Amino acid sequence: MKHIRNFCIIAHIDHGKSTLADRLLEFTQTVSDRDMQAQLLDDMDLERERGITIKSHAIQMNFVYNDETYVLNLIDTPGHVDFSYEVSRAIAACEGALLVVDAAQGIEAQTISNLYLAIGHDLEIIPVLNKIDLPSALPEEVSDQIVDLIGCERDSIIRASAKAGIGINEILQAIVERIPAPKGDPQAPLQALIFDSVYNTFRGIEVLFRVYNGEIKKGDKVKFVNTKREYDADEIGVLKLKQEARDTISTGNVGYLISGIKEAREVKVGDTITHVTRSGPAIQGFENVKPMVFAGIYPVDTSEFEDLRAAMEKLQLNDAALIWEPETSAALGFGFRCGFLGMLHMEIVQERLEREFDMTVITTVPSVQFHAYTTKDEMTKVNAPSDMPEPNYIDHVEEPFVRAQMISKAEYIGPIIALCMDKRGILKNQVYLTTDRVELTFELPLAEIVFDFFDRLKTISRGYASLDYELIGFRPSHLVKLDILLNGEKVDALSAIVHRDKAYDWGKRLCEKLRELLPRQQFEIAIQAAIGTKVIARETVKALRKNVLAKCYGGDISRKRKLLEKQKKGKKRMRQVGNVEIPQEAFMAVLKLE
Ligand code: GDP
Ligand code: MG
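Residues numbered from 1 in each chain as written. Chains lettered and ligands numbered in written order. Predicted model: local features only at pLDDT ≥ 70, side-chain atom pairs only at ≥ 80, totals over all residues. Heavy atoms only, no water.

The protein has the name Elongation factor 4 in an unreviewed UniProt entry, where Catalinimonas alkaloidigena is given as its organism. In UniProt, the protein has this text filed under Catalytic activity (unreviewed entry): "GTP + H2O = GDP + phosphate + H(+)". According to the UniProt record, the Subcellular location (unreviewed entry) comment for the protein is "Cell membrane". (UniProt positions renumbered as here; feature names shortened; annotations may be inferred.)

S.K.: Just checking my understanding: could you explain the nonpolar core for this structure?
M.R.: Among soluble globular proteins, nonpolar side chains are generally buried collectively. Among the nonpolar cores identified, the biggest contains 50 residues, and L353, M406 and F453 are the most heavily contacted of them. Residue contributions to this core peak at five residues, all from helix α7 (residues 305-317). When residues are assigned to domains, this core turns out to be shared by domain 3 (293-364) and domain 4 (371-477), each giving three or more. Here L353 is in contact with I297, L308, A311, M312, L315, D358, M359 and V361, once residues within four sequence places are set aside. Within the second largest apolar cluster, 38 residues are counted, among which are I75, A118, A137 and L239. (Core = buried A, V, L, I, M, F, W, Y, C linked by side-chain atoms within 4.5 Å. Buried < 20%, exposed > 50% of the residue type's maximum accessible area, 1.4 Å probe, protein only. Helix = DSSP H or I, 4+ residues; strand = E, 2+ residues; numbered from the N terminus. Domains from an automatic or database assignment. Contact = heavy atoms within 4.5 Å.)

S.K.: Explain the pattern of salt bridges here, please?
M.R.: Oppositely charged side chains can form a pair if their charged atoms are brought close together. What the rule picks out here adds up to 29 salt bridges. Among the salt bridges present, the one from E356 reaches R352, with a minimum N-O distance of 2.9 Å. Linking E356 with R352, this pair stays in helix α8 (residues 343-357), spanning four residues, or about one helical turn. Note on R352: relative accessible area 8%, which makes it buried. Notably, a salt bridge pairs R509 with D505, separated by 3.4 Å at the nearest N-O pair. One end of the pair is R509 and the other is D505, both in helix α12 (residues 500-517) and four residues apart, which spans about a single turn. Here R509 falls in the partly exposed class, since its relative accessible area comes to 25%. (Salt bridge = Lys/Arg side-chain N within 4 Å of Asp/Glu carboxyl O.)

S.K.: Help me understand the sheet that holds strand β1 (residues 4-11) in this model?
M.R.: Hydrogen bonds between backbone groups are what pair the strands of a sheet, and the pairing can be parallel or antiparallel. Pairing is mixed in the open sheet, where six strands are placed in the order β2-β3-β1-β4-β5-β6. At either margin of the open sheet sits one strand with a lone partner, and together these are β2 (58-65) and β6 (158-159). Sheet topology places strand β4 (residues 96-102) next to strand β5 (residues 124-130); seven bridges connect them, and they run parallel. The residue of β5 that forms the bridge with V101 is L129. Sheet strands in contact with helix α6 (residues 168-178) are β1, β2, β3 (68-75), β4, β5 and β6, and its direction is about 90° off that of β2. (Pairing = 2+ DSSP bridges. Axes fitted to C-alpha atoms, helices over the stretch in contact; angles between N-to-C directions.)

S.K.: Just to check I follow, could you spell out the packing of helix α3 (residues 84-92) against helix α4 (residues 109-120) for this structure?
M.R.: What describes two packed helices is the angle between their axes and the distance between those same axes. Where α3 meets α4, the axes come as close as 9 Å, and the angle between the chain directions of the two elements is 35°. At the point where α3 passes α4, the crossing takes the right-handed sense. Packed against α3, whose contacting residues are V87, S88 and I91, the element α4 presents N114, L117 and A118 at the interface. Split into classes, the residues belonging to the contact of α3 with α4 amount to four nonpolar, two polar and no charged. (Left-handed = near helix turned anticlockwise from the far one by under 90°. Nonpolar A, V, L, I, M, F, W, Y, C, P; charged D, E, K, R; others polar.)

S.K.: Mind showing me how you'd approach the side chain of Q191 here?
M.R.: In this structure, Q191 sits in strand β7 (residues 191-200). Judged by relative accessible area, which is 12%, Q191 ranks as buried. Of note is the side chain of Q191, whose polar atom sits 2.8 Å from the backbone oxygen of P281. Non-local contacts of Q191, meaning those with residues more than four positions away in its chain, are made with R210, V211, Y212, N213, T272, I273, G280, P281, A282 and I283. (Polar contact = N/O pair within 3.5 Å; in protein donor to acceptor, adjacent residues only side chain to side chain.)

S.K.: Where do I start with the packing of aromatic side chains in this structure?
M.R.: The relative placement of two aromatic rings is captured by the distance of their centres and the angle of their planes. Taken as a whole and assessed by the stated rule, the structure comprises five aromatic pairs. A connected cluster of aromatic rings, assembled from ring pairs, spans F305, W324, F334 and F336. Taking the ring centre of Y212 as reference, the NZ or CZ of R210 above it sits at 4.6 Å. (Phe/Tyr/Trp six-rings, centres within 6.5 Å; stacked < 30°, edge-to-face > 60°. Lys NZ or Arg CZ within 6 Å of the ring centre and 35° of its normal.)

S.K.: I would appreciate a short explanation of the domain arrangement of the protein in the present structure.
M.R.: Where interface size is quoted, it is often the accessible area lost as the parts come together. Domain boundaries in the protein define domain 1 (4-178), domain 2 (191-275), domain 3 (293-364), domain 4 (371-477) and domain 5 (482-591). Across the contact, 23 residues belong to domain 1 and 18 residues belong to domain 2. Between domain 1 and domain 2, roughly 1600 Å² of surface is buried when both sides are summed, and carbon and sulfur atoms account for 56% of that area. It is A58, Q60 and R89 in domain 1 that bury the most area against domain 2; as a group they hold 28% of the surface buried on that side. Summed over the shared surface of domain 1 and domain 2, the number is one salt bridge. Close ionic contact of R210 with E95 constitutes a salt bridge, the shortest N to O distance being 2.9 Å. If you list the elements that add at least two residues to the side of domain 1 that touches domain 2, you get β1, β2, β3 and α3. (Buried area = accessible area lost by both parts, 1.4 Å probe.)

Written out as structure tokens, the structure is:
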């Protein structure tokens with residue numbers, strides 16, 4: 001135990017976490033040069049392309065210090081607000097954290113909230129100023145920020161460049177010197193925290209855990225305390241570049257468990273592993289992850305519904321956070337209502353369906369969960385606008401609120417406050433972190449920030465502002481269901497739940513947007529927005545006069561064919577509602593209302 005160190009890296013996206021991890025693995029010769037490829041820890045193609053770490057992993061290195069060999073367990077954490085619960089469990093598995101700050105960018109909100117999480121768990125913080133090789137680096141200013149923030153000694157900040165390989169040995173030494181060895185009682189009943197799970201097509205779910213007390217042996221009968229399921233520890237081991245099987249994983253150490261688990265859903269991050277006989281209690285802090293954003297996913301080709309179901313089932317095997325159930329829409333036919341952790345998670349699921357399963361899907365307007373009360377205490381959970389009771393049956397509606405922290409340069413706080421006010425926000429606090437960096441705290445409806453809020457925040461602050469938020473509960477709001485009718489027919493997939501004060505404006509802009517997006521047809525299309533039976537906005541798409549092919553009069557046949565091909569392709573993501581054809585963009589138009 002004396003020779004174990006468990007640590008994670010806290011950093012804002014792009015501040016160099018993955019690059020630094022690569023350097024540490026290289027320096028400790030955990031990977032040979034031949035195996036080294038940039039950003040080793042991001043092993044999913046999609047992650048690499050998006051440059052973010054989606055699922056956390058762990059890797060063990062050996063580091064020789066004063067002639068003694070230390071085992072360093074690096075627990076990788078995801079860096080996006082959508083995955084903050086996973087971050088908190090990874091942090092709980094460590095005694096220390098490297099706080100990596102880009103010397104040219106300074107500290108961001110996401111870094112701060114994860115830092116507070118780490119401090120809350122009593123982690124030893126090792127500040128690392130990364131990218132000091134950049135000409136635009138401001139090491140003195142950013143060091144000031146770090147000292148202000150964590151009250152450390154200025155000279156305890158390690159200056160490094162993950163890219164150029166500067167300061168790597170110093171960081172490894174600091175990990176051994178400053179981070180305490182794990183505590184725990186090897187004789188006590190087993191208590192191991194599950195901080196992640198990884199899906200392997202051949203071997204099923206690999207559960208990653210950190211042993212707090214006791215030890216786990218190959219072949220043990222184990223139990224997951226919160227799910228109450230029992231398994232045989234068929235294989236246990238440590239994670240190097242590859243898995244290395246072991247007979248025992250002892251107190252303080254990190255390892256993996258394979259026990260024939262087939263579905264990610266069976267394994268809950270934050271759960272505790274113990275023995276079936278002589279069992280220990282659950283480790284505190286377990287939460288069931290709840291989806292925050294809901295949307296319908298439908299096959300473009302209605303005959304592919306069963307294929308889509310098979311794809312969703314496969315996806316769910318390795319994505320414990322994805323939930324879904326079958327849903328029918330008058331406009332779109334058979335599909336699935338899905339719950340996601342956030343918008344990024346939704347985009348990832350959609351992209352994986354298309355990339356890994358070759359599905360072409362239509363995604364409907366995302367929405368948060370509302371609570372509609374039909375009497376004072378009879379509540380319906382509204383995950384889709386169609387779940388909303390008729391207006392005259394509603395007593396009141398509640399929506400989820402979040403507390404949002406934003407950090408920005410002082411010069412942008414005006415526009416940021418204006419944006420938050422426009423999003424029905426309530427300013428709670430305003431703190432100067434340094435002379436030119438301000439932290440704003442707002443309470444905001446979740447529905448207002450899950451969609452384009454972050455993009456707009458980035459735009460108005462020229463990329464400087466950062467955001468973090470947490471759910472604080474449901475509050476009553478004046479929400480109404482807004483329907484869209486095309487030639488008098490309600491298109492259920494275009495309905496949305498919006499605040500009453502914004503409904504008129506929303507309806508008007510959505511009608512305008514749809515007028516741009518709906519292709520002209522041989523007849524006129526009336527677009528209407530309505531609340532209940534009351535029409536609040538109307539637009540018209542004029543009838544098409546010319547036949548497209550007329551342009552090619554007498555022209556050569558191949559050009560004509562190309563044009564037809566093009567039309568056919570364009571049709572791929574179209575849906576027929578009554579006699580009107582609706583392109584996919586229309587279903588997502590609400591997201592782009594400006
Ligand atoms: P992550 O999102 O925190 O994992 O960040 P990455 O490790 O993916 O790094 C983001 C970008 O910064 C990449 O383009 C890296 O090459 C670059 N980068 C990382 N560390 C350094 C550094 O020390 N100096 C410079 N100049 N660039 C760096
Ligand atoms: Mg990364």
